[in-house]
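Descriptive analysis of the structure
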Amino acid sequence: MKEYMKWRDGERKRLLSTPIFSVDKIERTSPDGKKGDFIVMDNPDWVSVIPLMWKEGEGYVFIMVDQYRHGLGRVTREFPAGLVDEGEDEESAARRELLEETGMTGDLIKIASFNPNPAFMTNRQTFFLSTNLKKVSGQKLDEFEEIEVSYVPISQVIEEMGSGIYDNGIMMAALGAFLRYRTLHPEIMEEKE
């Protein structure tokens, strides 16, 4: 890490606080003495689970969830995902979200972690691949969640990601993380036929 490029923090002021993020103004000073005010969005960390299963007659599919997204004002198709609760670790959050949204449990492998937008966001997004899935219950959704589970061929997700119902940037990153992991670990998709 290039410590010599690090800016020093000065006064920090909370501008907005909501149930899912807060916005602060931070005075920062560069190594050569320039001072400025910068806006920072403080979010909890996020997790996404990429459930991968073999479906007889179709091959490998992703288990995805369709839900209405208020920011966009329409339904999107995504991997099960959510916030890491205070005091919860990433893997526990991933297991909880998978179970709540799909009623399934499975093995988890952490395949990537990154900052969604380091220009002004403080949180991390972590992706887990889930295999050996088992249906163990019904959904346990939050009060305002309405989610339908879909089994989608991987080729369809690759072809359509970034358009239509697949209009979610985090899902583009999740798919990229999956494709990278699959390239490095081809054994995760052994032929079943």
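The following paragraphs examine the structure supplied in this document.

About the cut-offs
Residues numbered from 1 in each chain as written. Predicted model: local features only at pLDDT ≥ 70, side-chain atom pairs only at ≥ 80, totals over all residues. Heavy atoms only, no water. 1 Å grid on protein atoms, 1.4 Å probe; cavity = no way out; pocket = protein on both sides within 12 Å on 5 of 7 lines; lining within 4 Å. Points joined across faces, edges and corners; volume = space filled by probe spheres on them. Helix = DSSP H or I, 4+ residues; strand = E, 2+ residues; numbered from the N terminus. Nonpolar A, V, L, I, M, F, W, Y, C, P; charged D, E, K, R; others polar. Pairing = 2+ DSSP bridges. Axes fitted to C-alpha atoms, helices over the stretch in contact; angles between N-to-C directions. Salt bridge = Lys/Arg side-chain N within 4 Å of Asp/Glu carboxyl O. Buried < 20%, exposed > 50% of the residue type's maximum accessible area, 1.4 Å probe, protein only. Phe/Tyr/Trp six-rings, centres within 6.5 Å; stacked < 30°, edge-to-face > 60°. Lys NZ or Arg CZ within 6 Å of the ring centre and 35° of its normal. Expected span 1.5 Å × (residues − 1). Contact = heavy atoms within 4.5 Å. Polar contact = N/O pair within 3.5 Å; in protein donor to acceptor, adjacent residues only side chain to side chain. Core = buried A, V, L, I, M, F, W, Y, C linked by side-chain atoms within 4.5 Å.

**Observations concerning the layout of surface pockets**
Over the atoms, a rolled probe matching the size of one water molecule traces out where space is still vacant. Counted as a void, the largest pocket has a volume near 1200 Å³. Looking at the largest pocket, it is lined by 38 residues, and the ones nearest its centre are I20, Q67, R69, E78 and L83. For the lining of the largest pocket, the secondary-structure elements that each account for two or more residues are β4 (46-55), β5 (59-69), β6 (74-78), β7 (81-83), α1 (90-102) and α3 (169-184). When the residues that make up the lining of the largest pocket are grouped by side-chain class, the tally is 15 nonpolar, 10 polar and 13 charged.

**Points about the sheet that holds strand β2 (residues 22-29)**
Strand order across the open sheet formed by 3 strands is β1-β2-β3, with antiparallel pairing between neighbours. The sheet is open, and its two borders are formed by β1 (8-17) and β3 (35-42), each paired with just one other strand. Sheet twist, expressed as the average angle between the axes of neighbouring strands with direction ignored, equals 25 degrees. Sheet topology places β2 next to β3; 8 bridges connect them, and they run antiparallel. In the strand pairing of β3, K25 is matched with I39.

**Remarks on the pattern of salt bridges**
Should their charged atoms come close, side chains of opposite charge can pair. Inspection of every chain in the model, using the stated rule, returns 14 salt bridges. In this structure, the salt-bridge partner of D167 is R74, at a minimum N-O distance of 2.8 Å. In this pair, D167 sits in the loop between α2 (154-160) and α3 while R74 sits in strand β6, placing the two residues 93 residues apart along the sequence. For D167, a relative accessible area of 33% gives the class partly exposed. Where R96 meets E88, a salt bridge forms, and the shortest distance between an N and an O atom there is 2.9 Å. One network of salt bridges, with partners in common, ties together D85, E88, R96, E97 and E100.

**Concerning unusual backbone geometry**
At N132, a residue that is not glycine, the phi angle is positive and equals roughly 55 degrees. Relative to the elements of secondary structure, N132 occurs in strand β9 (residues 125-135).

**Remarks on the packing of aromatic side chains**
Here the structure, examined in full by the defined rule, presents 5 aromatic pairs. Relative to Y60, the ring of W54 lies with its centre 5.1 Å away and its plane at 80 degrees, an arrangement referred to as edge-to-face. For the pair shown, W54 and Y60 are each scored as buried. Ring geometry for F62 versus F178: centroids 5.0 Å apart, planes at 80 degrees, classification edge-to-face. Here F62, found in strand β5, pairs with F178, found in helix α3; they are 116 residues apart in sequence, far enough to count as distant. One exposure class covers both F62 and F178, and it is buried. Among the aromatic side chains, those forming a connected cluster through ring pairs are F62, F79 and F178. Here the guanidinium or amino end of K55 rests over the ring plane of Y151, the centre of that ring lying 4.6 Å away.

**Things to note about α1**
For α1, which comprises 13 residues, the first-to-last C-alpha distance of 18 Å matches the rise-based estimate of 18 Å (1.5 Å per residue) to within 8%. Considered for burial, the residues of α1 that qualify are A93, A94, R96, E97, L98, E100, E101 and T102. Those residues of α1 that are buried are in contact with β4, β5, β7, β8 (104-114), β9 and β10 (147-153). Taking the backbone nitrogen of E91 as reference, a side-chain oxygen 3.1 Å away marks D89 as the first, capping residue of α1. A positive phi of about 75 degrees marks G103, the residue just after α1.

**Quick word on the nonpolar core**
Nonpolar side chains tend to gather and get buried jointly when the protein is soluble and globular. Counting residues in hydrophobic clusters, the biggest one holds 23 residues, and the most contacted among them are I50, L52, F62, L129, V157 and F178. Listed by contribution, the elements that provide at least two residues to this core are β4, β5, β9, α2 and α3. For this core, the element with the most residues is α3, which contributes 6 residues. If we ignore the near neighbours within four places in the chain, the residues touching L52 are Y60, V61, F62, L129, S130, T131, L133, I154, F178, I188 and M189. V47, I63, L98 and F128 belong to the second largest nonpolar core, which has 11 residues in total.

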